[in-house]
Amino acid sequence: MTHPIISQINGLKDISSVTKVLEDNNIPFLSEGTTRTVYDLGDGTVLKLVIDPSFVSQNWSEIKIFKCSGREFFAEIYEHDKRNLWLVMEKLDTDKSKILSNLAEMFEPAIVVNGIERSIRSVENFVHYCVYRLTEVLQAAKTTEAADWARGFSAIVKTCKISEEDLHDNNVGIRPSTNTIVFLDYADYNLLSMEESVSPPPTLSSLIYGNH
Ligand SMILES: Nc1ncnc2c1ncn2[C@@H]1O[C@H](COP(=O)(O)OP(=O)(O)O)[C@@H](O)[C@H]1O
Ligand SMILES: [Mg+2]
């Protein structure tokens, strides 16, 4: 299932060479964030290419989180280059109205915190309360499946130390096959909490001069 473009970009050492191959092959730009440009490979996957070599640790930490935590709450990563300049990830549906209707199917529109109604009809609010007010969110769950999902979601955000600033609606999407909400940008990870067996991200000099 590897996209044919991968064999052409594999091993390319700098971002501009990768970009040129993508452009020459008319691979469409999808979107961009603060550290990565995202291309639509058209086969249900996206390619995330760092904007600058200093951002490879973003890709690296995302790969490590995925390997440690699996695909239930994180978009699947299929492959990446040796230097983590790019990775290939499952494409999610980022239509905001679908994300919100998904939440609406599972949860009541608001929770009650200290006698005050707080809306959970936004991804930011929902994720925030899932982490800090799980008991109230569980009370707002419409089904036991929704409650189980909220418990799992809350736990994974904590275990993976997803930062508060990454918990917004641009960083989640819907997995079409299961119609569930998963993270598509989960790179902000506390690297110090990694297991010892995990090797450190490549240094800038190894990217420029190679590992040898
Ligand atoms: N797996 C994906 N499926 C669909 N769209 C994506 C995916 N990954 C990223 N995007 C789109 O690209 C944008 C930037 O990607 P992101 O991973 O957030 O980059 P950054 O880490 O630089 O913020 C996202 O806000 C989203 O719109
Ligand atoms: Mg982002």
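Quick caveat, the model's predicted, so the values are computed rather than measured. (Residues numbered from 1 in each chain as written. Chains lettered and ligands numbered in written order. Predicted model: local features only at pLDDT ≥ 70, side-chain atom pairs only at ≥ 80, totals over all residues.)

1. Some points on the overall build of the chain
Okay, step 1: Summing up its helical and strand segments, the chain has eight helices and nine strands in all.
Okay, step 2: Buried positions account for 31% of the 212 residues belonging to the chain.
Okay, step 3: Relative to all contacts within the chain whose residues are 6 or more apart in sequence, the contacts with residues 24 or more apart total 54%. (Helix = DSSP H or I, 4+ residues; strand = E, 2+ residues; numbered from the N terminus. Buried ≥ 20, exposed ≤ 12 C-beta atoms within 10 Å, placed from the backbone. Contact = placed C-beta atoms within 7 Å.)

2. As for the pairing of strand E2 (residues 36-40)
Across a regular strand the side chains alternate sides, sitting on one face of the sheet and then on the other.
Okay, step 1: Inspection of the sheet shows strand E1 (residues 29-32) paired to E2 by three bridges, in the antiparallel sense. Looking at E2, one finds that Phe29 is bridged to Tyr39.
Okay, step 2: In textbook terms, the turn of a hairpin is the stretch between consecutive antiparallel strands, and for E1 and E2 this stretch comprises three residues.
Okay, step 3: Pairing between E2 and strand E3 (residues 45-50): five bridges, direction antiparallel. The residue bridging Arg36 from the neighbouring strand is Val50, located in E3.
Okay, step 4: Joining the antiparallel neighbours E2 and E3 is a turn of four residues, in which Gly42 adopts a positive phi near 80°. (Pairing = 2+ DSSP bridges.)

3. With respect to the site of ligand 1
Okay, step 1: Taken together, 23 residues lie near ligand 1, and Ser31, Gly33, Thr35, Val38 and Asp185 sit nearest.
Okay, step 2: Where the shell around ligand 1 is concerned, the elements lending two or more residues are E1, E2, E3 and strand E5 (86-90).
Okay, step 3: Counting residues per element, the shell around ligand 1 draws most heavily on E1, which supplies three residues.
Okay, step 4: Considered class by class, the residues forming the shell around ligand 1 number eight nonpolar, nine polar and six charged.
Okay, step 5: When residues of the shell around ligand 1 are sorted by domain, at least three fall in each of domain 1 (5-92 + 188-209) and domain 2 (96-183). (Near = placed C-beta within 6 Å. Nonpolar A, V, L, I, M, F, W, Y, C, P; charged D, E, K, R; others polar. Domains from an automatic or database assignment.)

4. Structural notes on unusual backbone geometry
Okay, step 1: Positioned with a positive phi, Asn114 is a non-glycine residue whose angle comes to about 50°.
Okay, step 2: For Asn114, a count of 7 C-beta atoms within 10 Å gives the class exposed.

5. Comments concerning the sheet that holds E1
Okay, step 1: Read from one edge to the other, the open sheet built from five strands follows the order E1-E2-E3-E5-E4, with strand pairing classed as antiparallel. The open sheet has two free edges, formed respectively by E1 and strand E4 (77-80), since each of these has just one partner strand. Ignoring which end each strand starts from, the neighbouring axes of this sheet average 25° apart.
Okay, step 2: With respect to the sheet, helix H3 (residues 56-69) is in contact with E2, E3, E4 and E5, its orientation differing from that of E4 by roughly 135°. (Axes fitted to C-alpha atoms, helices over the stretch in contact; angles between N-to-C directions.)

6. Some details on the nonpolar core
Okay, step 1: Counting residues in hydrophobic clusters, the biggest one holds 47 residues, and the most contacted among them are Phe74, Val182 and Phe183.
Okay, step 2: Broken down by secondary-structure element, the contributors of at least two residues to this core are helix H2 (15-24), E3, H3, E5, helix H5 (123-132), helix H7 (144-159) and strand E9 (180-183).
Okay, step 3: At five residues, H5 tops the list of elements feeding residues into this core.
Okay, step 4: Those residues in contact with Val182 that lie beyond four places of it in its chain are Phe73, Phe74, Ala75, Leu92, Val172, Gly173 and Arg175. (Core = buried A, V, L, I, M, F, W, Y, C linked by C-beta atoms within 7 Å.)

7. So, the environment of Val46
Okay, step 1: Assignment of secondary structure puts Val46 in strand E3.
Okay, step 2: Sequence spacing of Val46 and Val88 is 42 residues, and the spatial spacing of their C-alpha atoms is 5.6 Å.

8. Considerations on the pairing of strand E8 (residues 172-175)
Okay, step 1: Here E8 runs beside E9; their pairing, made up of four bridges, is antiparallel. Counterpart to Gly173 in the pairing with E9 is Val182.

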